[in-house]
Structure formats: C-alpha cells, structure tokens
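# Geometric and topological summary
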Amino acid sequence: MDTNMVNAGEMNGSGNLMDFLDEPFPDVGTYEDFHTIDWLREKSRDTDRHRKITSKSKESIWEFIKSLLDAWSGWVVMLLIGLLAGTLAGVIDLAVDWMTDLKEGVCLSAFWYSHEQCCWTSNETTFDDRDKCPQWQKWSELLVNQSEGASAYILNYFLYIMWALCFAFLAVSLVRVFAPYACGSGIPEIKTILSGFIIRGYLGKWTLLIKTVTLVLVVSSGLSLGKEGPLVHVACCCGNFFSSLFSKYSKNEGKRREVLSAAAAAGVSVAFGAPIGGVLFSLEEVSYYFPLKTLWRSFFAALVAAFTLRSINPFGNSRLVLFYVEYHTPWYMAELFPFILLGVFGGLWGTLFIRCNIAWCRRRKTTRLGKYPVLEVIAITAITAIIAYPNPYTRRSTSELISELFNDCGALESSQLCDYINDPNMTRPVDDIPDRPAGPGVYTAMWQLALALVFKIVITIFTFGMKIPSGLFIPSMAVGAMAGRMVGIGVEQLAYHHHDWIIFRNWCRPGADCVTPGLYAMVGAAACLGGVTRMTVSLVVIMFELTGGLEYIVPLMAAAVTSKWVADAFGKEGIYEAHIHLNGYPFLDVKDEFTHRTLATDVMRPRRGEAPLSVLTQDSMTVEDVETLIKETDYNGFPVVVSKDSERLIGFAQRRELILAIKNARQRQDGVVSNSIVYFTEDPPELPPNSPHPLKLRRILNLSPFTVTDHTPMETVVDIFRKLGLRQCLVTRSGRLLGIITKKDVLRHMAQMANQDPESIMFN
C-alpha cells in the first residue's frame, strides 16, 4: 500500500483508513436471504481480483505458484464434484434396488442383497426360473411357510403396504424435522438460484445429507416419482460445498453460480448415465449465465461423475443405466406417422399434467391441506401401494418397468410382453426373430398396461410437489413408454395381419422382423418427458445416451419437436417455470418474449401520487438521518444525489453495505457519532472546528449504476435486465433522477401485461 495515499487520507480529515483497504469490513459484498445478486458487480469484483493476482504473480515464485493454484482451483472443484456426485448416485442406486425388493421378500444368505443379487450368487438357480432361488424368500414363505394361495397373497400385500408406509413416513419426517428444503424436485429452485437469487440453506450440508437418505426411502416406497431431478439438487449441494472451500468461489456469488451450473450437468450425467446430455441439459434448461469456460468445466465434471458411477457399476450390467437396449431393426418412413402421434400424446399429457398439478399445488398452498404434509404423504403412499400391488406393471419399480417396456423381445425374454405364438417351422437365427401373432400373454399385458397408464397419469399429478424429494423424469417417461409400447404392439400386429396393405408392402414382408415395439416405447417416453419439461435438444441426446439407440435420433427428434409444439400451443411454460411462478420467485426467463409497447416511465417507482423516491445526498446527511431512512424503509438500496434540489445522480448505495459500514464505523472509529456528516465525495466538505468526525462512505458507493431514460422502451429494459442480470436500474432525464425500476417491478409488469396476478411475484 502506498504510504502517501494513507497520509493524504489522514490529512483530508476523513480519518478512515479503511477507504484504501480491499476488504473494508467483514460481510461486505454479501447479500440478504431471498434477494437477487448484482451480476455486473460480481463480475467487476472478480476482474479486480484476477488483475491483482496477475500483477502479484510477477513479484515472487510463491506468488506465481499461488496464481497457478488459483487458476487450477476450478478444475479441482469440478473433479471433487464429479467424484462425490458419482459416488452418491451409485450408493443411491444400490440402496434403492435393495429396499424396493425388501417390500416383497428378503435374501436369507445375506439380507443386504437385492433379489437379483441374491439369485446371482445361488448355485441352484435354473435358467427357466432365473428369478427364483431358495435363498430368496417372499415374506409369506418366511413367516407362514406358504408361497401360493390367498393367505400368502394377502400377507404379502399387507407387508408391501406396511413397508411402503414405513419408508414414506420416515422420509417425510426427516425432511420436516431436519431439512425442509430437501423436498420436491429442486430444479425450479436451482434454476432460480442460477439466475442470481439467494436461498440460504437450500444447497447446505444438511439438505445434501437428508435429500440423499430420503431419496432412497421415497423411491423405494413405490411412489410415482423418480430420483433423477433430485440428483441434480444433490449434485448442486456438492458443488456448493466444494466451492465454499475456495475463496475464489465462496466470496463471489457470480463465480459460485458457474460451479453450480457445472454441478447440475454432473447431476444429470449420473442420473441418466448421459454425460453429454447433462452438459446440454445444464445449458438448455437450468443455467442462466453459461460462458464457454463453464461449458468445458461442465463437460469435465460430467465425465468424472459418469466414470465414478461406471466404476461402482450399480446395475451390474457394465452400463451407466438400467435400460440400455440395442435394437436390430431399422425404422421405416411410414413409422414417422405413429411417432408423431406419440409426440402429440406427449404434448397433451404435458399440458394436462402441468395444469392439474399446479391447480393441486395452489390448492395445497391456500387451504388447510398444506398444514398436514405428513398426512398427505401417508395418504398418497397408501393409495399408491393399495392400487399398485395387484398390477405387476405398477408393483415393480418404475425404472424396471421402463426397462421392460424398452426391451426388444429376444428368444430369452420371459416377459408377458414377449408371449408371442411361435412358428414351429421357423429356422432362423436367434437374434433375428420375425414378427409373430400375439399370444394371450400379450393381450393380458395390454390390459394391465392400459390400467397402469391411467393410474400413473392420475397419481403422478398428486405426488409431485409433496414435502418429500420427488423427481418427474421417470414417471413422465413411464407414462410415455406404456403408451408407446401399446401403440408399438398395435402397429406390429396390424403389419403382421395385413402385410399386403400398400403401407406395409414395401417394408413388411411375411417372415421379416419389421416393427420394434420397444422403439415406440422409447419414442413415447421422450415425447412425454418433452411435453412436461419442454426440453428438446438435451432430451434427444439424453435419450440416445440412455438407450444406446443412436440410429433412432430422427424418430426421437420428430416426437420431441411435435410434443413441444403441441404443448406450447396451450401455454409456453414447462413444469419447472410453472412452479417458479407458483412460488413467486424472481425469475426472468430468457425464452420469454416481451412485445408490449410500454416505456420505462410506466413501470418506474415512484408512480404518480406516491411519495417521492428515498435518496441520500452526497454531503448533507448525518449518520442519524441515514439510520432513520434505513429504519423507515425496506428498500435494497438508495440512489445518491448531489442535493435534494438538483437531484443530479452521483451513484447507488446498497442498504446492507450502508448498515454494515455505519455499524463498523461506530465500533472501530473514534469520533463517529449520530450527528457525524456522511459524505460520498472524494474530498470532505469544509466543517466547523468543533463539528464531530465525518464518515466517508465513498468506498461502498457504486459510481456507475445502470441508468436508462424515462422514454426507453420496456422491451429494451427487460432485455437489459435479462442479459446483464441487474437487480435495479435507475431512470433519469437529462442527468436528473426520476425513479427506479427493480427486477420485481419488471416481473410484475410482465405478469400484468400477460393478464396474470402481479402480486404473485413476492421476492426482489
């Protein structure tokens, strides 16, 4: 530090050496809970920090090493996030597998084995009964030594419900007592946090621990929800934890959000086993600010996370996902018609789900129902378990159901869906089975799937949004996969029985395998997921990474685009944006367009008839005046003007930093009292000899606040708020301050223009 500068400060009479420090006092630059960060300011602070490190690195070897460590800290954080996210995902997958099977029975040789693992280790398992082995016993066999009959069925049914209720009750109790933020999907809040909003504790250590444990419990309970969305929240909690270990990220909210964007990519990477899809999901769906550097780091974090999960191998198939399939049949142009129909179904289902779910969540918020979250979870779990058990397609875990629906019917399949009538004269290779007439098992499966589809559609509406971790990817995919499989079997049987029709003649010769029902299930799953979330590019990439079906990109694209078009015709909002608006979070969606012809003067405060704007003057207010202004208002900051008469703008002071600066000055500086003059100028004013010590606060003043004129179109103002991430913008005319526009004002104006309730925007 230059000694002359310090002496000059003392000679000016400021007596405030802290003006020249980099960190004038603790907590400067931090934000209040439920407030939006100032992106421009965070960017500027990081640039200053980087410039300082670069200049210091030339001074000594040690400073040069420190600069290298600073440069590499981002990659180290990504490595740690990938390792922890991959490990947690692997543990969750293994635990869910075991606890889901625990509802039906137990392994005698080792109780911690799932059904599949138990029979793997058995020497007495036959090929025909490969899912049966003496070591695995259903509860009825263990307790009353009966495997068949009404009493055995009723006992197993009862214990299935009891286990489900036990898991759900434990999950909702843990969330309620230890980590209220661990409920829900987490993606709406992650999107809002990445746009610059502060929700303290949402990405905390307790939330990470409780969400991981309760995620296992709720998925195992058999509720209609998935673990994929919550895994993004878990990965972001990991990102928040590791970024707090490095001052580069812990002291800069803008830089921290770059880490969280990459963590979201790692979360999707381990949720679906789709590293590239994870990066695209973060880019397309959750991130607000995504520079090229973050793209590379997201790619690295997703890679490490996927590698870690692959090393754990939770599914025992050397794949990253449970439902990896390989189809041997190409698709034909005529099949685009049913694929597009599935896209239409996906769009309609997405619209229906969003409207019904938001209506139910709004009812939960505004009625007494919201006061009994534990009772609601228990009731929905009981209904789900009672209805799900009799149907084999709803009794098993949703991931296993999707896996079976995606599967191609080979010679070794024992599923009811593969109960076709075989031709005894067939002499073809095993892996090239031609189309055959459906057997009784297929027709039974079609009825059960139809019932399961209706049940899944209804129960998911009531499940999503309860006070437990609940993801939406897997239930949406299950709805689409069931509809798709039924359409696929229908097309297959139509082609078999009417192969002489002109539409089938070119590509469906007798004895050929021309329709793959599993492909229709895959396309249906993509369509329904797209209809609910409005994903497009990332959805197609996730689906082909998920299934390995690289040559089926065109059907997936056709279904995803159709689904989005149909859903967008009824409303532009996806489920996550709808929940953001339901909760009143200040989220300016980049995808929304503002086309109304209003001006900044129509939106700014104060309006006509309102009290004048609360301002600070540069050199005529006392400490007591400033403290009174802070006490009497709840604004986030105050414009600083030359004087009340001229109202020529000087800068903008944040409320939090004013409070901290005055508190700190009173504690540490002698002579600062209530009638000390506060000044924001470079040089102190001439004061009478006996006047109290002045307080110089130029250091906390933003000398370049963003301003627009009163005739700036709101279309431009909205664009500025979106692209620069502003908290507020000052409105001037010829250099004179007229008013202020905050992010909340912009959002409320947009809601008003869209004929929505502007009061639904609660936070700034």
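Residues numbered from 1 in each chain as written. Predicted model: local features only at pLDDT ≥ 70, side-chain atom pairs only at ≥ 80, totals over all residues. Heavy atoms only, no water.

### What about the UniProt feature "domain: CBS" (unreviewed entry) in the chain?
- On the UniProt side, "domain: CBS" (unreviewed entry) is annotated at positions that read residues 604-668 and 701-759 here.
- Helix makes up 37% of residues 701-759 and strand makes up 31%, while its end C-alpha atoms are separated by 31 Å. (UniProt positions renumbered as here; feature names shortened; annotations may be inferred. Helix = DSSP H or I, 4+ residues; strand = E, 2+ residues; numbered from the N terminus.)

### Overview of unusual backbone geometry
- Note the cis peptide between Arg605 and Pro606, where omega equals -5°.
- Relative to the helices and strands, Pro606 is located in the loop between helix H25 (600-603) and strand S3 (616-617).
- The backbone phi angle of Asn313 is positive, close to 50°, even though this residue is not glycine.
- Relative to the helices and strands, Asn313 resides in the loop between helix H13 (292-312) and helix H14 (336-366).
- When its relative accessible area of 24% is taken as the criterion, Asn313 is described as partly exposed.
- Even without glycine at this site, Ser734 takes up a positive phi of about 55°.
- With respect to the helices and strands, the residue Ser734 is situated in the loop between strand S11 (728-733) and strand S12 (736-742). (Buried < 20%, exposed > 50% of the residue type's maximum accessible area, 1.4 Å probe, protein only.)

### Details of the sheet that holds strand S10 (residues 707-709)
- In space, the 3 strands of this open sheet follow the order S10-S11-S12, with mixed pairing throughout. At either margin of the open sheet sits one strand with a lone partner, and together these are S10 and S12. Strand-to-strand, the axes of this sheet are offset by a mean angle of 35°, without reference to chain direction.
- Looking at chain direction, S11 and S12 are connected through 6 bridges and run antiparallel. Bridged to Gln728 within S12 is Thr742.
- Along the sheet, helix H28 (residues 714-724) makes contact with S10, S11 and S12, crossing S12 at roughly 60°. (Pairing = 2+ DSSP bridges. Axes fitted to C-alpha atoms, helices over the stretch in contact; angles between N-to-C directions. Contact = heavy atoms within 4.5 Å.)

### Details of the side chain of Thr384
- You can see Thr384 is positioned in helix H15 (residues 373-388).
- Among the residues examined, Thr384 registers a relative accessible area of 4% and is labelled buried.
- Once residues within four sequence positions are removed from consideration, Thr384 is found in contact with Gly222, Leu223, Phe455 and Ile459.

### Comments concerning the sheet that holds strand S9 (residues 701-702)
- Strand order in this open sheet of 4 strands is S3-S5-S6-S9, and the pairing throughout is mixed. This sheet does not close on itself; its edge strands, each paired only once, are S3 and S9.
- Pairing between strand S6 (residues 649-654) and S9: 2 bridges, direction antiparallel. Residue pairing in the sheet places Ala653 in a bridge with Leu701 of S9.
- Against the sheet, helix H27 (residues 655-668) makes contact with S3, strand S5 (637-641) and S6, and its axis sits at roughly 75° relative to S6, the strand it touches most.

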